[in-house]
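If you want the building blocks of each chain, they are given just below.
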Amino acid sequence: MNTLKMALASTIALSIAACSPEAATDDVATEDAMAVEEAAPGTIVDVAVGDDNFSTLVAAVTAAELGETLSGDGPFTVFAPTNDAFAKLPEGTVETLTTDDTETLGTILTYHVVAQAVDAASLIGAIEGAGEGGYEIPTVNGGTLTANVVDGAVVLTDAAGGTATVTATDVEASNGMIHVIDSVLMPQ
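Residues numbered from 1 in each chain as written. Predicted model: local features only at pLDDT ≥ 70, side-chain atom pairs only at ≥ 80, totals over all residues. Heavy atoms only, no water.

Peer 1: Tell me about the packing of helix H4 (residues 55–63) against helix H8 (residues 102–110), and please be specific about residues and values.
Peer 2: In contact at an axis separation of 9 Å, H4 and H8 are set at 120° when each is read in the N-to-C sense. The angle between the axes of H4 and H8 places the two elements in the oblique class. Read as a crossing pair, H4 and H8 show a hand that is left-handed. Here H4 contributes Leu 57, Ala 60, Val 61 and Ala 63 to the contact with H8, which in turn contributes Thr 102, Leu 105 and Leu 109. (Axes fitted to C-alpha atoms, helices over the stretch in contact; angles between N-to-C directions. Helix = DSSP H or I, 4+ residues; strand = E, 2+ residues; numbered from the N terminus. Parallel < 35°, antiparallel > 145°, perpendicular 65-115°, else oblique. Left-handed = near helix turned anticlockwise from the far one by under 90°. Contact = heavy atoms within 4.5 Å.)

Peer 1: I'd like to hear about the nonpolar core, residue by residue, with values.
Peer 2: Among the nonpolar cores identified, the biggest contains 26 residues, and Leu 57 and Leu 109 are the most heavily contacted of them. For this core, the secondary-structure elements that each account for two or more residues are helix H3 (44–49), H4, strand S1 (76–81), helix H6 (83–87), H8 and strand S7 (176–181). With four residues, H3 is the largest single contributor of residues to this core. In contact with Leu 109, other than residues within four places in its own chain, are Leu 57, Ala 60, Val 61, Ala 64, Leu 66 and Phe 86. The next biggest cluster of nonpolar side chains, apart from the first, holds 15 residues, and it includes Tyr 111, Leu 156, Ala 164 and Leu 185. (Core = buried A, V, L, I, M, F, W, Y, C linked by side-chain atoms within 4.5 Å. Buried < 20%, exposed > 50% of the residue type's maximum accessible area, 1.4 Å probe, protein only.)

Peer 1: An account of the side chain of His 112 is requested, with residue identities and associated values reported.
Peer 2: Among the structural elements, His 112 can be located in the loop between H8 and strand S2 (113–114). Judged by relative accessible area, His 112 falls into the buried class, the value being 2%. Of the polar contacts made by the side chain of His 112, one reaches the backbone nitrogen of Leu 185; its length is 2.9 Å. Residue contacts for His 112: discarding those within four places in its chain leaves Thr 77, Val 78, Phe 79, Pro 81, Ile 181, Val 184 and Leu 185. (Polar contact = N/O pair within 3.5 Å; in protein donor to acceptor, adjacent residues only side chain to side chain.)

Peer 1: So what about the environment of Ala 87? Which residues, and what values?
Peer 2: Among the structural elements, Ala 87 can be located in helix H6. Judged by its relative accessible area of 61%, Ala 87 is exposed. Along the sequence, Ala 87 and Val 184 sit 97 residues apart, while their C-alpha atoms lie 9.3 Å from each other.

Peer 1: Residues and numbers for the sheet that holds strand S4 (residues 144–150), please.
Peer 2: With mixed pairing, the seven strands of this open sheet are ordered in space as S2-S1-S7-S6-S5-S4-S3. Looking along the sheet, the strands with just one partner apiece sit at the ends: S2 and strand S3 (135–138). The sheet contact formed by strand S6 (residues 163–173) and S7 spans five bridges and is antiparallel. Following the sheet pairing, Ala 168 is matched in S7 by Val 180. Against the sheet, helix H9 (residues 120–130) makes contact with S1, S3, S4, strand S5 (153–157), S6 and S7, and its axis sits at roughly 130° relative to S3, the strand it touches most. (Pairing = 2+ DSSP bridges.)

Peer 1: Now, about the environment of Ala 85: what can you tell me, with residues and values included?
Peer 2: Inspection of the secondary structure puts Ala 85 in helix H6. Distance in space between the C-alpha atoms of Ala 85 and Val 184 is 5.8 Å, their sequence separation being 99 residues.

Peer 1: Outline the pairing of S6, supporting the account with residue identities and numerical values.
Peer 2: Where S5 and S6 come together, three bridges link them in antiparallel fashion. Counted as the bridge partner of Thr 157 is Thr 163 from S6. Between S5 and S6, which pair antiparallel one after the other, the connecting turn spans five residues, and Gly 161 there sits at a positive phi close to 90°. Here S6 hands over to S7 after two residues, the two strands then running antiparallel side by side.

Peer 1: Can you tell me about the confidence of the model for the chain, naming the residues and giving the values?
Peer 2: This prediction gives the chain a mean pLDDT of 85; 79% of its residues lie at or above 70. Segment residues 1–25 is flagged for pLDDT under 50; beyond a separation of four residues in sequence, or across chains, it makes two contacts in the model. Every residue in residues 32–37 is under pLDDT 50, and counting partners more than four places away or in other chains gives zero contacts. (pLDDT = per-residue confidence, 0-100.)

In structure tokens form, the structure reads like this:
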């Protein structure tokens, strides 16, 4: 009889423990962790592929065989030109670069990439700290961009003197950050 009472008491205790708020909290925490994992952004390439405004950029990254690199661990910051930015280039430029001159294309694309994650607040802080000459940003292709704030917007100046305005910031990816720009930047 004592054994039966002991088994019954143990079963009741386990049942109560399983239904306790702590157990429910554990289940909720597990579900929340799974939801965050599912909602986490993909790599920079995944984010670009998922946005129709970057279809030309995605085609260029593919042609230059940079997809695997930009899907790597990073962290990276990409100043990502939109389709409209690529459309500003002289007619036939994108087609020539993506089919006949992928080496130059790769140089141009890596000029838009920084080998660290830089959010908008950090970039603006660096620009303000640099003074009137602007903040020089080293890119992964070895060139530099100069960043300034003009009329409240971050403007990047390339080696050729061309400019691009940052139109959207802090698009998060699992391996870095994307800032959207309105023009394609050109290295020297």
